[in-house]
Amino acid sequence: DKLSLFAKILQGVKDMHTKEIVHSDLKYSNVLYKKKNGQHKIKIIDFDTSTSFKAKKSSHGFAGTYKYAAPEALAGKPILHPEKLDSWSLGLMLYH
């Protein structure tokens, strides 16, 4: 069901955050889904805008998808906890 698939997405994001990686462009089109041997598999793709927690934000402007972006990212505010950007995107994904 949809919630169990979303739980797999959450686990994938948790794994990224454990490795101090922020995706910065989470959305359904960046999640691949496959059913193999009766098991549902997901793969998070498109790490072009991903950064390390420790990396300083680029001054080149916003990168990602506006529809799924956190307000502070759109406003160009300093990001003190970059993993929260992914949390915002996940919330929007669940809403849609």
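Asker: Just checking my understanding: could you explain helix α3 (residues 83-95) for this structure?
Answerer: Spanning 13 residues, α3 covers 19 Å between terminal C-alpha atoms, matching the ideal 18 Å at 1.5 Å per step. Here the buried face of α3 lies against α1 (2-18), β1 (21-22), β2 (31-36) and α2 (71-74).

Asker: Hey, could you run me through unusual backbone geometry in this one?
Answerer: Trans is the prevailing form of peptide bonds, just as negative phi is the prevailing case for residues other than glycine. In this structure, Asn-37 is a non-glycine residue whose phi angle is positive, near 50°. Structurally, Asn-37 is set in the loop between β2 and β3 (39-44). Residue Asn-37 is classed as exposed on the basis of its relative accessible area of 75%. You will see that Asp-46, though not glycine, has its phi angle at about 65°, which is positive. Relative to the helices and strands, Asp-46 is located in the loop between β3 and β4 (51-52). Note on Asp-46: relative accessible area 31%, which makes it partly exposed.

Asker: How do you make sense of the pairing of β2 when you look at a structure like this?
Answerer: Sheet faces and side chains relate simply in a regular strand, where the side chains alternate between the two faces. In terms of strand pairing, β2 meets β3 through six bridges, oriented antiparallel. Following the sheet pairing, Lys-35 is matched in β3 by His-40. The loop that links β2 with its antiparallel partner β3 comprises two residues; one of these, Asn-37, has a positive phi angle of about 50°.

Asker: Any chance you could explain the layout of surface pockets here in plain terms?
Answerer: If a probe as big as a water molecule is rolled over the atoms, it shows which places are left empty. In this structure, the second largest pocket encloses a volume near 240 Å³. Lining the second largest pocket are Lys-2, Leu-3, Leu-5, Phe-6, Ile-9, Tyr-28, Val-31, Tyr-33, Ile-42, Met-93, Leu-94 and His-96. Every element with two or more residues in the lining of the second largest pocket is listed here: α1, β2 and α3. Tallied by class, the residues present in the lining of the second largest pocket amount to ten nonpolar, one polar and one charged.

Asker: Before we go on, may I ask you to explain the environment of Leu-10 in this structure?
Answerer: As for its placement among the helices and strands, Leu-10 is situated in helix α1. Sequence spacing of Leu-10 and Asp-46 is 36 residues, and the spatial spacing of their C-alpha atoms is 16 Å.

Asker: Would you explain the side chain of Asp-86 in this entry?
Answerer: Its place among the elements puts Asp-86 in helix α3. Only 2.9 Å separates the side chain of Asp-86 from the backbone nitrogen of His-23, close enough to count as a polar contact. With near-sequence residues (within four places) excluded, Asp-86 lies in contact with Val-13, Met-16, His-17, Ile-21, Val-22, His-23, Ser-24 and Leu-26.

Asker: Any chance you could explain the environment of Ile-21 here in plain terms?
Answerer: Positionally, Ile-21 belongs in strand β1. Spatially, the C-alpha atoms of Ile-21 and Glu-83 are 8.0 Å apart, while their sequence positions differ by 62 residues. Ignoring sequence-local partners within four residues, the contact set of Ile-21 consists of Met-16, Ser-50, Thr-51, Phe-53 and Asp-86.

Asker: Quick question: what am I supposed to make of α1 here?
Answerer: Every α-helix winds through 3.6 residues per turn, so residues three or four apart in the chain are directed the same way. A rise of 1.5 Å per residue sets the reference length of α1, with its 17 residues, at 24 Å; its end C-alpha atoms lie 24 Å apart and thus fit the reference within 8%. Backbone geometry just downstream of α1 places Glu-20 in the positive-phi region, at approximately 60°.

Quick notes on the rules
Residues numbered from 1 in each chain as written. Predicted model: local features only at pLDDT ≥ 70, side-chain atom pairs only at ≥ 80, totals over all residues. Heavy atoms only, no water. Helix = DSSP H or I, 4+ residues; strand = E, 2+ residues; numbered from the N terminus. Expected span 1.5 Å × (residues − 1). Contact = heavy atoms within 4.5 Å. Buried < 20%, exposed > 50% of the residue type's maximum accessible area, 1.4 Å probe, protein only. Pairing = 2+ DSSP bridges. 1 Å grid on protein atoms, 1.4 Å probe; cavity = no way out; pocket = protein on both sides within 12 Å on 5 of 7 lines; lining within 4 Å. Points joined across faces, edges and corners; volume = space filled by probe spheres on them. Nonpolar A, V, L, I, M, F, W, Y, C, P; charged D, E, K, R; others polar. Polar contact = N/O pair within 3.5 Å; in protein donor to acceptor, adjacent residues only side chain to side chain.

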